[in-house]
Amino acid sequence: MNQEAHPHAGLVGPAGRAEDLLDRYSRSYLQVFGRPQRVLERGQGVRVWDVQGREYLDLLAGIAVNALGHSHPDLVAAIAEQAGQLIHTSNFFTTPTQVALAERLLGMAGAPAGSAVLFVNSGAEAIEAAIKLGRRTGRPGIITAQGAFHGRTTGALALTAKAAYREPFEPLLPGINRVPFGDEAALRAALDDQVGAVILEPIQGEGGVVPAPPGYLQSARELTREHGALLVLDEIQTGIGRTGTWFAFQQAGITPDAITLAKGLGGGFPIGALITFGPEVSGLLSAGQHGTTFGGNPLACAAGLAVLEVIERDGLLGAARTVGQAFTQAVAALQDPRITGVRGEGLLIGIGLAGPWAPHVATAALDRGFIVNAVREDTIRLAPPLIVQEDDMTSFALALPTLLDSIGGDG
């Protein structure tokens, strides 16, 4: 590494090191994310440290990914052990970890005989597989919701609602119809004999942590059955215990035709999945109609098994419910008129604000040592590790009025 290429490389102080790395990032990394807010170096539990030694309470968990927090010993050990045995095989072969994880997921989902799992590498890839599943019905239309986010690959992007994400890359996949989220009548009107699938999030994460209204998913299940379309639930953000049950659809008391997973499943290691329910749906995709080189590799599946084992062993489903409820109560107790309420389930939480202050609050929070996300101009999103303690969450709740004060958010 020469000084001409990296003019700040000689700076040895923490601030100089951070600036050096950010400058090198800007010269070497494709600028699709803008300038990073910090340079993080290590993590332990629910806390991370940047290269300047500053400590942060991580209440976002890599956007609902680090289900067990950082450097969890069971996850580290599982990955290390598997890496010493076998890392990759391709889909010409299977492995004990791949079979075990598929069986575990089917059991957790209460899937009937003939259900199946396809492992991929990300949530967007799982959505791409779900799109193919819908197309294999012979009916090309797909219904999705206004406010939805399903990913950035071109198929998933076609389902995503935000115009700023889609328009630079249009024309995209045709036959997509967006209906208002939670509007049963609109969904009913949109369904016809050209619709192969309805793809919905139980809680719209990127859309502002907006839960489906009571009864809406049940209605969607009834309407799709009535019209012969598949109901696919995007559980990429809500799945793997995030909402207090293994999957959010279980709280609605329904069985979808398929779900997509990713994020928390690997606890930080990249993995995604499509789960199909029943032999009729599972049979829609046959040999050669989809594939992935890295999907379901033994290292990713070992990570997934470790995550599921710890969540079950340590009672983290119940903890997600109780800690989330305690946080909601702590925010309500503030009686701050600048806070309009708390949305979500379990540890997928949206804090509503009475004005467009969320980006300022998130920046102020980072300066105070809290990692949160301004998912909408008026909404702060929290999706902490499932191991987070009530005291950690309460510390952020108690900091909210000061954070709002710091940006003049008193209206």
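Up top is the structure these notes are about.
Keep in mind that this is a model prediction, so the values were computed, not measured.

Q: Sorry if this is basic, but what is going on with helix H12 (residues 298-313) here?
A: At 3.6 residues per turn, the α-helix brings residues three or four places apart onto the same side. The end-to-end C-alpha separation of H12 is 22 Å, in line with the 22 Å expected for 16 residues at 1.5 Å each. H12 sits mainly inside the fold: 12 of its 16 residues count as buried. Within H12, burial applies to Pro 298, Leu 299, Ala 300, Cys 301, Ala 302, Ala 303, Gly 304, Ala 306, Val 307, Leu 308, Val 310 and Ile 311. Where H12 is buried, its residues touch helix H3 (73-83), helix H4 (96-108), strand E4 (116-120) and helix H13 (316-334). One side-chain oxygen of the residue at the start of H12 lies 3.0 Å from the amide nitrogen of Leu 299, identifying that residue as Asn 297.

Q: Looking at this structure, how should I read the sheet that holds strand E11 (residues 258-261)?
A: Hydrogen bonds between backbone atoms are what pair the strands of a sheet, whose relative direction is either parallel or antiparallel. Judged by pairing direction, the sheet is mixed, and its seven strands sit side by side in the order E4-E12-E11-E10-E7-E5-E6 without closing on themselves. Two strands in the sheet have a free side with no partner beyond their single neighbour: E4 and strand E6 (176-179). Across this sheet, the average inter-strand angle for adjacent strands is 20°, counted without regard to direction. Here E11 pairs with strand E12 (residues 272-276) via four bridges, running antiparallel. Each bridged residue has a counterpart across the sheet, and for Ile 259 the counterpart in E12 is Ile 275.

Q: What is the right way to read the side chain of Asp 336 from this model?
A: Structurally, Asp 336 can be placed in the loop between H13 and strand E13 (339-345). Take Asp 336: its relative accessible area is 11%, and that puts it in the buried class. A polar contact is formed between the side chain of Asp 336 and the side chain of Arg 338, at a distance of 2.8 Å. Beyond its immediate sequence surroundings of up to four residues, Asp 336 is in contact with Pro 401 and Leu 404.

Q: I would appreciate a short explanation of the sheet that holds strand E15 (residues 370-371) in the present structure.
A: Reading across from one edge, E1-E2-E3-E15 is the order of the four strands in this open sheet, with mixed pairing throughout. Only two strands of the sheet have a single neighbouring strand rather than two, namely strand E1 (40-44) and E15. Sheet topology places strand E2 (residues 47-50) next to strand E3 (residues 55-58); three bridges connect them, and they run antiparallel. If you follow Arg 47 over to E3, its bridge partner there is Leu 57.

Q: Got a minute to help me understand the nonpolar core in this structure?
A: Inside soluble globular proteins, nonpolar side chains tend to come together where they are buried. Formed by 86 residues in total, the largest nonpolar core has its most connected members in Leu 105, Phe 247, Ile 351, Leu 382 and Phe 396. Not counting the four nearest positions on each side in its chain, Leu 105 is found in contact with Val 117, Phe 119, Ile 240, Phe 247, Leu 261, Leu 265, Ile 275 and Leu 308. The next biggest cluster of nonpolar side chains, apart from the first, holds 18 residues, and it includes Ile 131, Ile 236, Leu 274 and Val 281.

Q: It is not clear to me how empty space enclosed by the protein should be interpreted in this structure. Could you clarify?
A: Think of a ball as big as a water molecule: rolled over the atoms, this probe shows where empty space is left. By the definition in use, this model includes one cavity of 30 Å³ or more. One number sums up the size of the largest cavity: a volume of about 40 Å³. Lining the largest cavity are 14 residues, with Thr 89, Ser 90, Gln 98, Gly 296 and Asn 297 sitting closest to its centre. Each residue belonging to the lining of the largest cavity can be placed in one class, and the counts come to three nonpolar, 11 polar and no charged.

Q: What exactly am I supposed to notice about the pairing of E11 here?
A: Taken residue by residue, a regular strand's side chains alternate between the two faces of the sheet. Burial along E11 is two-sided: Ala 258 and Thr 260 facing one way and Ile 259 and Leu 261 facing the other are all buried. Of the pairings in the sheet, the one linking strand E10 (residues 230-234) to E11 comprises three bridges and is parallel in character. Residue Leu 233 lies in a different strand from E11, and its bridge partner there is Ile 259.

Q: Explain the environment of Leu 317 to me, please; I cannot follow it from the model alone.
A: Its location among the elements puts Leu 317 in helix H13. A relative accessible area of 18% means that Leu 317 is categorised as buried. For the pair Leu 317 and Ile 387, spaced 70 residues apart in sequence, the C-alpha to C-alpha distance is 9.9 Å. If we ignore the near neighbours within four places in the chain, the residues touching Leu 317 are Gly 241, Gly 244, Thr 245, Trp 246 and Ile 311.

Q: Can you walk me through helix H15 (residues 390-406) in this structure?
A: Between its terminal C-alpha atoms H15 stretches 25 Å, which fits the 24 Å expected from 17 residues at 1.5 Å a residue. Along its length, H15 shows its largest kink, about 40°, at Leu 400, and proline Pro 401 lies within four residues downstream of that point. For H15, the set of buried residues is Asp 392, Met 393, Phe 396, Ala 397, Ala 399, Leu 400, Pro 401, Leu 403 and Leu 404.

Q: How do you make sense of the packing of H13 against H15 when you look at a structure like this?
A: Each packed pair of helices is defined by two parameters, the angle between the axes and the distance between the axes. At a closest axis distance of 9 Å, the pairing of H13 and H15 adopts a crossing angle of 20°. On the basis of the axis angle, H13 is roughly parallel to H15. At the point where H13 passes H15, the crossing takes the right-handed sense. Along the contact surface, H13 presents Val 323, Ala 326, Phe 327, Ala 330, Val 331 and Leu 334, while H15 presents Glu 390, Met 393, Phe 396, Ala 397, Leu 398, Leu 400 and Pro 401. Partitioned by chemical class, the residues of the contact of H13 with H15 number 12 nonpolar, no polar and one charged.

Q: Whenever I open this one, the packing of aromatic side chains confuses me. Can you help?
A: Geometry of an aromatic ring pair is reported as the spacing of the ring centres plus the angle between the planes. Evaluation of the coordinates by the stated rule reveals seven aromatic pairs. Consider the rings of Phe 370 and Phe 396, whose centres lie 5.2 Å apart with planes at 65°: the pair is edge-to-face. Of the two residues, Phe 370 sits in strand E15 while Phe 396 sits in helix H15, which places them 26 residues apart along the sequence. Grouped by ring-pair contacts, the aromatic residues Tyr 25, Tyr 29 and Phe 33 constitute a single cluster. Over the ring of Tyr 165 we find Arg 152, and its NZ or CZ is 3.9 Å from the ring centre.

Cut-off values and rules
- Residues numbered from 1 in each chain as written.
- Predicted model: local features only at pLDDT ≥ 70, side-chain atom pairs only at ≥ 80, totals over all residues.
- Heavy atoms only, no water.
- Helix = DSSP H or I, 4+ residues; strand = E, 2+ residues; numbered from the N terminus.
- Expected span 1.5 Å × (residues − 1).
- Buried < 20%, exposed > 50% of the residue type's maximum accessible area, 1.4 Å probe, protein only.
- Contact = heavy atoms within 4.5 Å.
- Polar contact = N/O pair within 3.5 Å; in protein donor to acceptor, adjacent residues only side chain to side chain.
- Pairing = 2+ DSSP bridges.
- Axes fitted to C-alpha atoms, helices over the stretch in contact; angles between N-to-C directions.
- Core = buried A, V, L, I, M, F, W, Y, C linked by side-chain atoms within 4.5 Å.
- 1 Å grid on protein atoms, 1.4 Å probe; cavity = no way out; pocket = protein on both sides within 12 Å on 5 of 7 lines; lining within 4 Å.
- Points joined across faces, edges and corners; volume = space filled by probe spheres on them.
- Nonpolar A, V, L, I, M, F, W, Y, C, P; charged D, E, K, R; others polar.
- Bend = angle between axes of the 7 residues up to and from the residue.
- Parallel < 35°, antiparallel > 145°, perpendicular 65-115°, else oblique.
- Left-handed = near helix turned anticlockwise from the far one by under 90°.
- Phe/Tyr/Trp six-rings, centres within 6.5 Å; stacked < 30°, edge-to-face > 60°.
- Lys NZ or Arg CZ within 6 Å of the ring centre and 35° of its normal.

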